Amino acid sequence: MAGIKYWLWLSECKGLPTGMKLRLLQHFGDPENIWYAERDDLLLAEGMTPKLADALSDKSTAEADRILGECERLGVRILTMQDADYPVRLSNIYEPPVLLYVKGRLPLVDEEAAIAMVGTRGATPYGIATAETLAYEMAKQGALIVSGAASGIDSAAHRGALRAGGKTVAVLGCGVDVVYPRENAGLYRDIAAAGALVSEYPPGTAAVGAHFPVRNRIISGLCLATVVVEAPERSGALITARTALEQGRDVYAVPGAINAPASRGCNRLIADGAAALVADSGDILWAYEARFPHKLRCTRVELPHSLGYQARREDEEARAEAKAEREKLPTLDVRAGKTDLTDDQVRIVKTLRDGEMQVDDLIEAAELPTRRVLSALTMLEIEGYVAQSGGKRFSLNVELIEE
C-alpha cells in the first residue's frame, strides 16, 4: 500500500473531526501508524472516545484507490502535511487541512507576499472594478493574489491578477474538477495555468454551502493579509476576515458609501478598528515590502484603459446568467433523509415558504434562539437557498418539496 493511501484513508474517515485527525497525527506520527494501531492504543490519544475509535475501524482503502485514480486522470497533485512544500504559514493555523488537492502549480507560498481578496458574490460595479484594479496593481508589483473563485469579488480579483500577468491561487469549496459557478469554467482554466486551484475536498466533491465557511480558513491561512473589498453586513467574506484576525493576520477593507448595503460590512470593520482602510494598493503592500524585497516592487502602476469596463461587462453578463438561473426556481427536497441541511436550516426554509419575512419576525416564527437563526440564514444565503433584501428581509430562492 503506497504511503499516500494512508493519508487519503485518514482524510476521508467519516465521523472523525479534523481536530481529532490532527491530534492522532501528533500522537502517532503518521497515518500508517494510525491505520495499524490497535483500538486500545487509539484510545490513548488526546480527545479520543470509543465512538471516534469506531470510526477508525473501517480499514478499507477502496475510496483511497478511487481518489488516487481520479487524481492521476485529472493531473491533480496531493500535498500532505508532511510534504516539504506544504505551506508552513498554513500549517500554523488552527486545524489546518490534513492534505490539499492541487490542480496547476502551487507557488512556494511561504516565499510569497500572498494577499487574500474576498467579498460578496452580489458585488456592485464599483466593487467589481475596485477588486480587479487592486488585484491588477498588487500582482504587477509582485504579490500573489489568493481568493475563492466565487462569482463577484473573488472572480474580479483573479481576473485582475491574471490580466497583470501575475500568479493567483483559488481555494475552492468543492473538488478542483468541479466548476462553481458554471460560468467560471474559463477562469478555472486560466487560474490553473498561471497558478493553482486548491481544495481540501477530493475531486468530484460538489459545491455544498457548508464547505465555504470551512475553506475560508485556508484562504486567510495562506496569506499575510486579507482584503475585504465589498461585503454587506451578513457576508461570507466577513467570516474570512474574522478567521484572519483569529489567525493573527492583517485585515484591510475598502470603504464604500454609508448608504450602500454592499459596503456596510467593510465600513463596520473599519469603524470597529478591525480592519485598516484601503485607498490604493500601496496601503496594503507597503507593510510587506521590507520582508519581501526580492518579490515586491512597490511603485505606481499604469492601468489599462479597459480594466474597469471589462470588469463591469463581465459582471453584467454573469449577473444576467445568474438571474436567469434563479428565475428557474430550483427545487429543494427537505423531506427526512433527502437533505443535507441542518434541522435549524430546514425549520427556517419551512418558515419562509409562505413569503418574505423580516428577520425579527422570522426569529419569532421559527421559535429558535437569535444566534441559531442568524447562523442558519448565513449558510442558507451562501448556498443560495434564501435571498436578503432591504430591511433585513429574507425570502426563499427555491421551491420546497416536503412530506
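Computed from a predicted model, the values in this text were never measured in an experiment. The residue count restarts for each chain, going from 1 along the sequence in the order it is written. Given that the model is predicted, a residue must reach a pLDDT of at least 70 before its local features are reported, and side-chain atom pairs must reach 80 or more before they are shown or counted; all residues, however, enter totals for whole chains, interfaces and linings. Computation of side-chain values covers all heavy atoms of the structure but excludes hydrogens and water.

Here we look at the packing of helix α16 (residues 343-351) against helix α17 (residues 359-366)
- Axis definition: a line fitted to C-alpha atoms, limited for helices to the stretch in contact. Angles are taken between N-to-C directions and run from 0 to 180 degrees. Helix and strand assignments follow DSSP, with helices taken as H or I runs no shorter than four residues and strands as E runs no shorter than two, numbered in order from the N terminus. Here α16 crosses α17 at 115 degrees, and the two axes come no closer than 10 Å. Taken together, the axes of α16 and α17 lie roughly perpendicular to each other. Remark: the crossing between α16 and α17 carries right-handed chirality. Side by side, α16 and α17 meet where R347, I348 and T351 of the first sit next to L362, A365 and A366 of the second.
- When residues are sorted by character, Ala, Val, Leu, Ile, Met, Phe, Trp, Tyr, Cys and Pro go into the nonpolar class, Asp, Glu, Lys and Arg into the charged class, and all the rest, Gly among them, into the polar class. Considering only residue class, the contact of α16 with α17 consists of four nonpolar, one polar and one charged. In this scheme, roughly parallel covers angles under 35 degrees and roughly antiparallel covers those over 145, while 65 to 115 is roughly perpendicular and the rest are oblique. A clockwise turn of the near helix away from the far one marks a right-handed crossing, whereas an anticlockwise turn of less than a right angle marks a left-handed crossing. Contacts are assigned to residue pairs that have any heavy atoms within 4.5 Å of one another.

Considering the packing of aromatic side chains
- Aromatic rings from Phe, Tyr and Trp, taking only the six-membered ring of Trp, are treated as a pair when their centres fall within 6.5 Å; an angle between ring planes under 30 degrees marks them as stacked, one over 60 as edge-to-face, and anything in between as tilted. Inspection of every chain in the model, using the stated rule, returns four aromatic pairs.
- A ring pair is formed by Y6 and W35, whose centres lie 5.7 Å apart and whose planes are at 70 degrees; its orientation type is edge-to-face. Taken together, the residues Y6 in helix α1 (residues 3-11) and W35 in helix α3 (residues 31-36) connect sequence positions 29 residues apart. By the burial criterion, Y6 is buried, and W35 matches it.
- Ring centres of W35 and Y36 lie 4.8 Å apart, and the angle between their planes is 80 degrees; this geometry places the pair in the edge-to-face category.
- Burial classification: accessible surface area is computed with a 1.4 Å probe over protein chains only, and a residue below 20% of its type maximum counts as buried, one above 50% as exposed, and the rest as partly exposed. Relative accessible area serves as the criterion here: at 53%, Y36 is assigned to the exposed category.

Here's the deal with the sheet that holds strand β2 (residues 99-104)
- Think of it this way: DSSP has to see at least two bridges between two strands before they count as a pair. Here we have nine strands laid out as an open sheet, ordered β1-β2-β6-β5-β4-β3-β7-β8-β9, and mixed in their pairing. Each end of this open sheet is capped by a strand with a single partner; those strands are β1 (77-80) and β9 (276-277).
- Looking at chain direction, strand β8 (residues 250-253) and β9 are connected through two bridges and run parallel. Its bridge partner lying in β9, Y252 is registered against A276.
- Against the sheet, helix α8 (residues 125-140) touches β3 (114-118) and β4 (144-147), its axis set at about 175 degrees to β3.

Things to note about a negative patch on the surface
- Here the term patch refers to residues with relative accessible area over 30% and no salt bridge, with like charges joined within 9 Å and nonpolar side chains (Val, Leu, Ile, Met, Phe, Trp, Tyr) within 5 Å. Surface accessibility follows the Shrake-Rupley procedure with a 1.4 Å probe radius. Residue values consider only the protein chains on display as shielding. For this document, the term salt bridge refers to a Lys or Arg side-chain nitrogen within 4 Å of an Asp or Glu carboxyl oxygen. In this tally, Lys and Arg are treated as positive and Asp and Glu as negative; His is ignored, and so are the chain termini. Charged side chains are reduced to one point each, which is NZ for Lys, CZ for Arg, CG for Asp and CD for Glu. Residues D360, D361, E364 and E367 make up a contiguous surface patch of negative charge.
- With respect to the helices and strands, the residue E367 is situated in the loop between α17 and α18 (370-383).
- Classification of E367 as exposed rests on a relative accessible area of 66%.

Here's the deal with the nonpolar core
- L24, I34 and L56 are the most contacted members of the largest nonpolar core, which totals 46 residues.
- Listed by contribution, the elements that provide at least two residues to this core are α1, α2 (18-28), α3, α5 (50-55), α6 (62-74), β2 and α10 (185-194).
- Not counting residues within four places of it along the chain, the set of residues in contact with I34 comprises W9, L10, L24, L25, F28, L42, L56 and K59.
- Ranked by size, the runner-up nonpolar core spans 32 residues in total, among them L106, A114, V228 and A253. Residues grouped as a nonpolar core are buried Ala, Val, Leu, Ile, Met, Phe, Trp, Tyr and Cys residues, joined through side-chain atoms within 4.5 Å.

Section: the sheet that holds strand β12 (residues 386-389)
- The strand order β11-β13-β12 describes an open sheet built from three strands, whose pairing is antiparallel. This sheet does not close on itself; its edge strands, each paired only once, are β11 (357-358) and β12.
- Pairing geometry for β12 and strand β13 (residues 393-396), over four bridges, is antiparallel. Bridge pairing in β13 links S389 to R393.

Considering a positive patch on the surface
- There is a patch of like positive charges on the surface, built from R234, R242, R264 and K392.
- Mapping R234 onto the fold places it in the loop between β7 (225-228) and α12 (236-246).
- A relative accessible area of 35% places R234 in the partly exposed class.

Description of helix α11 (residues 211-221)
- With ten of its eleven residues buried, α11 lies for the most part within the structure.
- Within the span of α11, buried status applies to H211, F212, P213, R215, N216, R217, I218, I219, S220 and G221.

Let's talk about the side chain of Q345
- Locating Q345 in the fold gives a position in helix α16.
- Those residues in contact with Q345, other than ones at most four positions away along the chain, are A376, M379 and L380.

Note that every value here comes from positions in space, so none of it alone points to a role or purpose.
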